[in-house]
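Overview (structure and organization)
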Amino acid sequence: MRRRHILAAPAFGLAASWLASPAIAQPRNASWPRALTMGTAAPGGTYALYGPAWGQMAQEATGVAISYRTTQGPNQNIILVNRREVELGMVTMGVALQAWNGQGDWTQGNRFRDIRALFPMYDTPFHGIALKRSGITGHAQLGGRSVGVGPRGGTPGTYYPQILNTLGVRPSAVRYGSASDLVGQIQDGLLDCFLFASGVPVPAFSEIEVQADVNYLDFTADEVRRLTTQFPELSAGTLPMGTYRKQEKPLNIVGMYNFAISHRSLSDDLAYEITKSVLGQNARFRQAIAAASETLAENWTKNTFLPFHPGAARYLREAGHAVPDSLVQA
């Protein structure tokens, strides 16, 4: 079983100001498009802030205007990038593996082979939150309770129902929606628990803990063992004290890594400049969003199957990383 330690950092910061930055539509290279679109995710999750943060850096470096499309998350981002309805997106590697192999109900047996990896983003831990007055402190207590799991097309919406099934937990209801909507339903008494997976601290979790006393749900050692056996794409980890203000102990989690992706048709030099603009400005990126502390070139090894775009691989190799030819594809 692989084990890693997920570092927490101060949340967000400059991202809000970047969201308001004006578009720049003067590409540095005349052969590049004037604009690209990035698939992000619903409000309340990390993609909604992380995407515009790295998009702004890429836009400044290339002169190519980048706009953002709210999606249901990784599943829909893969579909849209594969169809070239958007050129850029963000995915978790478990969902990307399902897409590449055409596995998982959402793929309908289709293999999505026109997507390419650009750069590693951050780890995505699965964990939950409930109001303290509910008495819920662990996943085993969710039988017969109502739970929210994020957008249907997102990573938690895809995996959490399977996770609960593997643990033998049968909720009375599983509801889908944006993180913002689901924490609102907890506060209104319409949901007993919200289970999610996103970069930490999860914005919606941080929001609700300011307004109410909460419990954070993690996994027992036996649950971690069962889940990492059933889902090899998951690995064990820990959220240290300080990840959340009202956290009472380190949280034992399972998670998977996120990567930025593009359509394979993106030109090599543009993919190179986008990757360089993000991985080459980590100090600035960390000021904008906590999850960027893990957006490091060395984490390219978290991808073992999805071909890197040749332009992205060029930058990673220049940065001293031995990306094998077998993991690069035009």
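Read on for a plain summary of the structure. Just so it is clear, the model here is predicted, and its values are computed rather than measured.

Calculation criteria
- Residues numbered from 1 in each chain as written.
- Predicted model: local features only at pLDDT ≥ 70, side-chain atom pairs only at ≥ 80, totals over all residues.
- Heavy atoms only, no water.
- Helix = DSSP H or I, 4+ residues; strand = E, 2+ residues; numbered from the N terminus.
- Expected span 1.5 Å × (residues − 1).
- Buried < 20%, exposed > 50% of the residue type's maximum accessible area, 1.4 Å probe, protein only.
- Contact = heavy atoms within 4.5 Å.
- 1 Å grid on protein atoms, 1.4 Å probe; cavity = no way out; pocket = protein on both sides within 12 Å on 5 of 7 lines; lining within 4 Å.
- Points joined across faces, edges and corners; volume = space filled by probe spheres on them.
- Nonpolar A, V, L, I, M, F, W, Y, C, P; charged D, E, K, R; others polar.
- Core = buried A, V, L, I, M, F, W, Y, C linked by side-chain atoms within 4.5 Å.
- Axes fitted to C-alpha atoms, helices over the stretch in contact; angles between N-to-C directions.
- Parallel < 35°, antiparallel > 145°, perpendicular 65-115°, else oblique.
- Left-handed = near helix turned anticlockwise from the far one by under 90°.
- Salt bridge = Lys/Arg side-chain N within 4 Å of Asp/Glu carboxyl O.

Quick look at helix 2 (residues 47–62)
End to end, helix 2 covers 21 Å across 16 residues, agreeing with the expected 22 Å (1.5 Å per residue, within 8%). Counting buried residues along helix 2, 12 of its 16 residues qualify, which places the element largely inside the surrounding structure. Following helix 2 by one or two positions, Gly63 adopts a phi angle in the positive range, close to 80°.

Describing the environment of Asn299
Mapped onto the secondary structure, Asn299 falls in the loop between helix 10 (282–288) and helix 11 (310–318). Residue classification places Asn299 among the buried positions, given a relative accessible area of 14%. Sequence separation of Asn299 and Pro161 is 138 residues, and the distance between their C-alpha atoms is 28 Å. Excluding its chain neighbours within four sequence positions, the residues that come into contact with Asn299 are Pro120, Tyr257, Phe259 and Glu294.

A look at the layout of surface pockets
Estimates place the volume of the largest pocket at around 330 Å³. Elements that contribute at least two residues to the lining of the largest pocket include exactly helix 3 (74–82) and helix 5 (155–166). In terms of residue count, helix 5 provides more of the lining of the largest pocket than any other element does, four residues in total. Looking at the lining of the largest pocket residue by residue, the classes come out as four nonpolar, nine polar and two charged.

Some thoughts on the nonpolar core
In terms of nonpolar packing, the biggest core is built from 81 residues, with Tyr50, Trp54 and Phe126 touching the most fellow members. No other element matches the eight residues that strand 5 (residues 115–131) contributes to this core. Leave out the neighbours within four places in its chain, and Trp54 touches Met38, Leu88, Gly89, Met90, Phe119, Ala260, Ile274, Val278 and Phe285. By size, the runner-up hydrophobic cluster in this structure holds 21 residues, among which are Ile208, Val214, Tyr244 and Leu251.

Let's talk about the packing of helix 9 (residues 268–279) against helix 11
Direction vectors running N to C along helix 9 and helix 11 enclose 45°, while the axes themselves pass 7 Å from each other. As the angle between them shows, helix 9 and helix 11 are arranged oblique. Like other packed secondary-structure pairs, helix 9 and helix 11 cross with a definite hand, here right-handed. Residues Asp268, Ala271, Tyr272, Thr275, Lys276 and Leu279 of helix 9 pack against Pro310, Gly311, Ala312, Arg314, Tyr315, Leu316 and Glu318 of helix 11. Among the residues forming the contact of helix 9 with helix 11, the class breakdown is seven nonpolar, two polar and four charged.

Brief notes about the pattern of salt bridges
When the charged atoms of two side chains with opposite charge come close together, those side chains can pair. Scanning all chains against the criterion turns up 13 salt bridges. The salt bridge partner of Asp218 is Lys249, with a shortest N-O separation of 3.6 Å. Of this pair, Asp218 sits in the loop between strand 9 (214–217) and helix 8 (221–230) while Lys249 sits in the loop between strand 10 (235–239) and strand 11 (251–263), and the two are 31 residues apart along the sequence. Salt bridges here are not isolated pairs; linked through shared partners, they connect Arg69, Arg83 and Glu85.

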